[in-house]
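Analysis of the macromolecular model
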Amino acid sequence: MRKILVTGALGQIGSELIVRLRDIYGSDNIIASNRRIKDGHEELIKSGPFEIVNINDIIQMAEVIDRYKVNTIINLAAILSAVGEKDPMACWDINMNGLYNVLELGRKKNLQIFNPSSIAAFGPSTPPDKTPQDTIQRPTTMYGVTKVAGELLCDYYYQKFGVDTRGVRFPGLISYETLPGGGTTDYAVHIYYDALKKGKYTSFIAKGTFMDMMYMPDAIDSIINLMEADPSRLIHRNAFNISSMSFDPEELAASIRKHIPDFQLDYDVDPVRQKIADSWPNSLDDRAAREEWGWNPKYNLDLMTEDMLEKLKIKLDIKD
Ligand code: AKB
């Protein structure tokens, strides 16, 4: 029986992953954790075990792992790209020193570990279109540096100590439950809120900037399917390219206009986030994930837009 500790559980991914994991494995077997309580997550906190855990405190983490007999960690605690550029040292501390603690506990206590990487693990010298699974990785953000180093560290713990580490390179993730916290791809979430609330959106990412994106239900499936995959089929383990769509702000706006015909998009480009976006690939080649563990996303841009608008209308209490 799995006993899973999820770090960063009150973030954009965690808040939806916890619900799915509790459905599949049983509420008592999923220990949600976060470094602090955040408003708006009362229901999640009450729906099963919840602990305050700081991944930089290995003693605190070890105590929680022992108390609940945890055998799996899904490590979602991280600082994202835009915030990482404002405070690179904090980004390194949480993303790398925190991961090191997670891996050390994995080694000492024989745990399976999922640690997400990102399209940010690539940089301006990476082939930008249909970026291969194995290619040049010279990122130019601190977040990207921690993601490449994290991929390598997870590989090392598998090869040297046999720790069952696994991970994917997430693209921009779009969801309606919890807002993303300080990434470059966040515009693709904010646009849906403003489309419904104001009928217009000012994008901080420029027209013509293509990035890979994914709807949250597919991202959640990727974590669960990879963790459950037959290990003998995994060649890459820690850094699978996964992708379900690639678009620029104009294509996203066109998809929204199929439901809100008067929706207006204009631009006030943020040079910091634009520079980050320009350093990332336009689209990834995800054949290794498809071949090694059956990655097969369900949502394309229009299916995602339809569902996002429908769910957000309910959440924001917007009547037709
Ligand atoms: C970010 O924009 O920083 C994240 C990511 C692509 O990893 N959404």
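Right above here is the structure, for reference.
Here's a quick rundown of the structure.

About the thresholds
Residues numbered from 1 in each chain as written. Predicted model: local features only at pLDDT ≥ 70, side-chain atom pairs only at ≥ 80, totals over all residues. Heavy atoms only, no water. Salt bridge = Lys/Arg side-chain N within 4 Å of Asp/Glu carboxyl O. Helix = DSSP H or I, 4+ residues; strand = E, 2+ residues; numbered from the N terminus. Buried < 20%, exposed > 50% of the residue type's maximum accessible area, 1.4 Å probe, protein only. Phe/Tyr/Trp six-rings, centres within 6.5 Å; stacked < 30°, edge-to-face > 60°. Lys NZ or Arg CZ within 6 Å of the ring centre and 35° of its normal. Contact = heavy atoms within 4.5 Å. Polar contact = N/O pair within 3.5 Å; in protein donor to acceptor, adjacent residues only side chain to side chain. Axes fitted to C-alpha atoms, helices over the stretch in contact; angles between N-to-C directions. Left-handed = near helix turned anticlockwise from the far one by under 90°. Near = heavy atom within 4 Å. Areas by Shrake-Rupley, 256 points an atom, 1.4 Å probe, with all protein chains shown as cover. Nonpolar A, V, L, I, M, F, W, Y, C, P; charged D, E, K, R; others polar. Domains from an automatic or database assignment. Pairing = 2+ DSSP bridges. Core = buried A, V, L, I, M, F, W, Y, C linked by side-chain atoms within 4.5 Å. Expected span 1.5 Å × (residues − 1).

Moving on: the pattern of salt bridges. Applying the stated criterion across every chain yields a total of 18 salt bridges. The shortest N-O distance in the salt bridge between Asp66 and Lys109 comes to 2.9 Å. Of this pair, Asp66 sits in helix H3 (residues 58–68) while Lys109 sits in helix H5 (residues 88–109); the two residues are 43 residues apart in sequence, bridging distant segments of the chain. Look at Asp66 and you get partly exposed, because its relative accessible area is 45%. Relative accessible area serves as the criterion here: at 30%, Lys109 is assigned to the partly exposed category. Of the charged contacts, one joins Lys108 and Glu104 as a salt bridge, the two residues approaching to 3.7 Å between their closest N and O atoms. Of the two residues, Lys108 and Glu104 are both situated in helix H5; the distance of four residues between them amounts to about one turn of the helix. Shared partners join several salt bridges into a network, and the residues in it are Arg20, Asp221 and Lys298.

What follows concerns the packing of aromatic side chains. Two aromatic rings are characterised by how far apart their centres lie and by the angle between their planes. Tallied over the full model, the rule gives seven aromatic pairs. Ring plane angle 70 degrees and centroid distance 6.2 Å describe the contact between Tyr156 and Tyr157, whose orientation is recorded as edge-to-face. Assessed through its relative accessible area of 40%, Tyr156 is described here as partly exposed. Aromatic side chains Tyr157 and Phe161 sit 5.0 Å apart centroid to centroid with 55 degrees between the ring planes, which places their arrangement in the tilted category. With Tyr157 and Phe161 both in helix H6 (residues 142–161) and four residues apart, this pair spans about one turn of that helix. You can call Tyr157 buried: its relative accessible area is 4%. These aromatic residues form a ring-pair network of at least three members: Tyr156, Tyr157 and Phe161. It is Arg237 that lies over the ring of Tyr158; its NZ or CZ is 3.9 Å from the centre.

A few words on the environment of Asn34. With respect to the helices, strands and loops of the structure, Asn34 is situated in strand S2 (residues 30–34). For Asn34, a relative accessible area of 6% puts it in the buried group. The sequence separation of Asn34 and Gly11 amounts to 23 residues, and the corresponding C-alpha distance is 8.4 Å. Apart from the residues lying within four places of it in its own chain, the contact partners of Asn34 are Gly8, Ala9, Leu10, Gly11, Phe50, Glu51, Ile52 and Val53. Of note is the side chain of Asn34, whose polar atom sits 2.9 Å from the backbone oxygen of Arg36.

With that out of the way, let us pick up the packing of helix H7 (residues 187–197) against helix H9 (residues 249–257). One can describe the packing of H7 onto H9 by two numbers: an axis separation of 11 Å at closest approach and a directional angle of 35 degrees. Seen from above, H7 lies across H9 with right-handed handedness. Of the residues in H9, those touching H7 at Tyr187, Ala188, Ile191, Tyr192 and Ala195 are Pro249, Leu252 and Ile256.

What follows concerns the site of the ligand. Close contacts around the ligand come from Leu80, Ser81, Ser118, Ile119, Tyr143, Gly183, Thr184, Thr185 and Trp280, and that covers them all. A total of 250 Å² of accessible area belongs to the ligand in isolation, and the protein chains cover 93% of it. In the shell around the ligand, the residues fall into four nonpolar, five polar and no charged. Residue contributions to the shell around the ligand reach at least three from each of two domains, namely domain 1 (4–171 + 214–241) and domain 2 (175–213 + 246–283 + 298–315).

Pairing is parallel in the open sheet, where six strands are placed in the order S3-S2-S1-S4-S5-S7. Of all the strands in the sheet, the pair left with one neighbour each is strand S3 (50–52) and strand S7 (165–166). Of the strand pairs in this sheet, S2 and S3 are connected by three bridges, and their pairing is parallel. In the strand pairing of S3, Ala32 is matched with Phe50. Together, strand S1 (4–7), S2 and strand S4 (72–75) form the strand contacts of helix H1 (residues 14–25), whose direction differs from that of S2 by roughly 165 degrees.

The next point concerns the nonpolar core. Ranked by internal contacts, the top residues of the largest apolar core, which has 62 residues, are Ile174, Tyr187, Tyr192, Phe247, Leu252, Phe263 and Met304. Ranked by residues supplied to this core, first place goes to H7 with eight residues. Viewed by domain, this core spans two of them, domain 1 (4–171 + 214–241) and domain 2 (175–213 + 246–283 + 298–315), each represented by three or more residues.

Our focus in this paragraph is H5. The terminal C-alpha atoms of H5 lie 31 Å apart, and with 22 residues this matches the ideal 32 Å at 1.5 Å per residue to within 8%. Within H5, the full set of buried residues consists of Cys91, Ile94, Asn95, Met96, Gly98, Leu99, Asn101, Val102, Leu103, Glu104, Leu105 and Gly106. The elements touched by buried residues of H5 are H3, S4, helix H4 (81–86), strand S5 (112–114), H6 and S7. A positive phi of about 55 degrees marks Asn110, the residue just after H5.

A positive phi angle is found at Lys69, which is not glycine, with a value near 55 degrees. Inspection of the secondary structure puts Lys69 in the loop between H3 and S4. Classification of Lys69 as exposed rests on a relative accessible area of 65%.

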